[in-house]
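# Observations on the three-dimensional arrangement
Listed below are the residues making up each chain.
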2 protein chains.
Amino acid sequence: MSSRLHHFVAGPTGDWTITSQVAVVGADLPPTSAITPLPGGAPIPLDATWTLDGVTSNARYLTADEAAALRAVQEGLGRPAATRAALIPIRKTAAWWALAQDERRALVEERSHHISLGLRHLPAIARRLHHCRDLPGAQPFDFLTWFEYAPEHEAAFDELVAALRSSPEWAYVDREVDIRLRR
Amino acid sequence: MSSRLHHFVAGPTGDWTITSQVAVVGADLPPTSAITPLPGGAPIPLDATWTLDGVTSNARYLTADEAAALRAVQEGLGRPAATRAALIPIRKTAAWWALAQDERRALVEERSHHISLGLRHLPAIARRLHHCRDLPGAQPFDFLTWFEYAPEHEAAFDELVAALRSSPEWAYVDREVDIRLRR
């Protein structure tokens, strides 16, 4: 089993309690109460409402300079003060995946400032990106992003996701669910 | 099941007969007689010696101009005259995967001419690239590339793989097996 595989298990009980769930674009996920992130291959509880799987992977768009800038300030998951989280599953359109690498890179950063917007919110917002699109089973989403932050940074997180949703890159998002959680 | 998942099943019988198998770098695969490419989810024969899985995916390094140049001349798999094939599974080092996107792109094309070398061998050599690294199970390789060509293009194919193996990109390859086949 790949150590980069992660499961997000939703159900009646779990490590993180759902405080809100909004279908931003496209179909919602079934309503449920809590989410538990589990390592790949862990047993899935029998009462799970749904499970989403994803793998962490190499960065697809970062330049070496951007990667160094992120590494210098980012913090990891699991900080005691980070008692708020968000799980945001996203699917992108076939048109997005048909674009060439230079076209996708230009949309992500030069036109949408995805990387620099994220950098401005470090280290307050910790983030782990999981890829789903190339898993062997049919997947409802292409990406799952898990964010953790302290309650006082919730407004900044709202600003970040609002800025991304109004960006040219987001014209290629055809399904997005925004799930907020409290530990 | 994703329609982009493919299995390469090796065993005593199969669609393509193995004519040679060479461990170019790192450990060889167990010796066997034939390989059959199967669509994702197809039943795996009980007498399989080994099975390798991979998914086709979006291109990771091509610019829009390069993608257009490839599309203009490439041909698909399954041509009646293409009675020779090669399956070349490759693994790249952790150092490769730790590089940023711009560093990997520079190694692939500006320093190793991987894309332009491949373009020079179109349409003679048809190619399908499969990604393994982000599959949920532990994988022995990162990529499986399947090539098909007519017997008269075998020498050109040998030149292509020799040029790639002497390129800076290949300094990051730590396992490679070269399997040649005849239909």
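As shown above, the structure is provided for reference.
This text gives an overview of the structure that appears in the document. (Residues numbered from 1 in each chain as written. Chains lettered and ligands numbered in written order. Predicted model: local features only at pLDDT ≥ 70, side-chain atom pairs only at ≥ 80, totals over all residues. Heavy atoms only, no water.)

## Description of the relation of the copies chain B and chain A
Mapping chain B onto chain A calls for a rotation angle of 180° and an axial translation of 0.0 Å; the resulting RMSD is 0.0 Å. With respect to symmetry, the two chain copies, as superposed, fit the operation of a two-fold axis. If distances are taken from each C-alpha of chain B to the rotation axis, the shortest is found for B:Leu135, at 2.8 Å. When the interface residues of chain B are mapped onto chain A, 100% of them are again interface residues, pointing to one common binding face. (Least-squares fit on C-alpha atoms with pLDDT ≥ 70 in both. Contact = heavy atoms within 4.5 Å.)

## Some thoughts on the interface of chain B and chain A
Residue-level contacts link 26 residues of chain B with 26 residues of chain A. Across the interface of chain B and chain A, roughly 2,100 Å² is buried in total on both sides, 47% from carbon and sulfur atoms. Of all residues in chain B, B:Asn58, B:Asp134 and B:Pro136 bury the most surface against chain A, accounting for 27% of the area lost on that side. Seen at the junction of chain B and chain A, the total is four salt bridges. Ionic pairing is found between B:Asp134 and A:Arg4, a salt bridge with its closest N-O pair at 2.8 Å. Put simply, chain B and chain A have 16 residue pairs in polar contact (both at pLDDT 80 or more) between them. For the side of chain B that touches chain A, the element with the most residues is helix α3 (residues 101-111) of chain B, which contributes four residues. Of the residues in the side of chain B that touches chain A, the class split is 12 nonpolar, seven polar and seven charged. (Buried area = accessible area lost by both parts, 1.4 Å probe. Salt bridge = Lys/Arg side-chain N within 4 Å of Asp/Glu carboxyl O. Polar contact = N/O pair within 3.5 Å; in protein donor to acceptor, adjacent residues only side chain to side chain. Helix = DSSP H or I, 4+ residues; strand = E, 2+ residues; numbered from the N terminus. Nonpolar A, V, L, I, M, F, W, Y, C, P; charged D, E, K, R; others polar.)

## A look at the nonpolar core
Of all hydrophobic cores here, the largest spans 26 residues; its most connected members are B:Ile88, B:Trp96, B:Phe147 and B:Phe157. Ranked by residues supplied to this core, first place goes to helix α5 (residues 154-165) of chain B with four residues. Not counting chain neighbours up to four residues away, the residues in contact with B:Trp96 comprise B:Tyr61, B:Arg104, B:Leu107, B:Val108, B:Glu169 and B:Tyr172. A:Ala67, A:Leu117, A:Tyr149 and A:Val161 belong to the second-largest nonpolar core, a separate cluster that totals 25 residues. (Core = buried A, V, L, I, M, F, W, Y, C linked by side-chain atoms within 4.5 Å. Buried < 20%, exposed > 50% of the residue type's maximum accessible area, 1.4 Å probe, protein only.)

## Focus on the side chain of B:Asp134
Tracing the backbone shows B:Asp134 in the loop between β6 (126-131) and β7 (143-149). Using a relative accessible area of 14% as the deciding quantity, one classes B:Asp134 as buried. A polar contact of 2.8 Å, which involves the side chain of B:Asp134, links it to the side chain of A:Arg4. If sequence neighbours within four positions are ignored, B:Asp134 has contacts with A:Arg4, A:Val55, A:Thr56, A:Ser57, A:Arg60 and A:Leu135.

## Focus: the packing of aromatic side chains
Residue and element names in this part refer to chain A. Within this structure, the stated rule accounts for 12 aromatic pairs over all chains. Cluster of aromatic residues (ring-pair linked, three or more members): Phe 8, Trp 16 and Trp 146. Seen from the ring of Trp 96, Lys 92 lies directly overhead, with NZ or CZ sitting 3.8 Å from the centre. (Phe/Tyr/Trp six-rings, centres within 6.5 Å; stacked < 30°, edge-to-face > 60°. Lys NZ or Arg CZ within 6 Å of the ring centre and 35° of its normal.)

Purely geometric numbers; function is a separate question.
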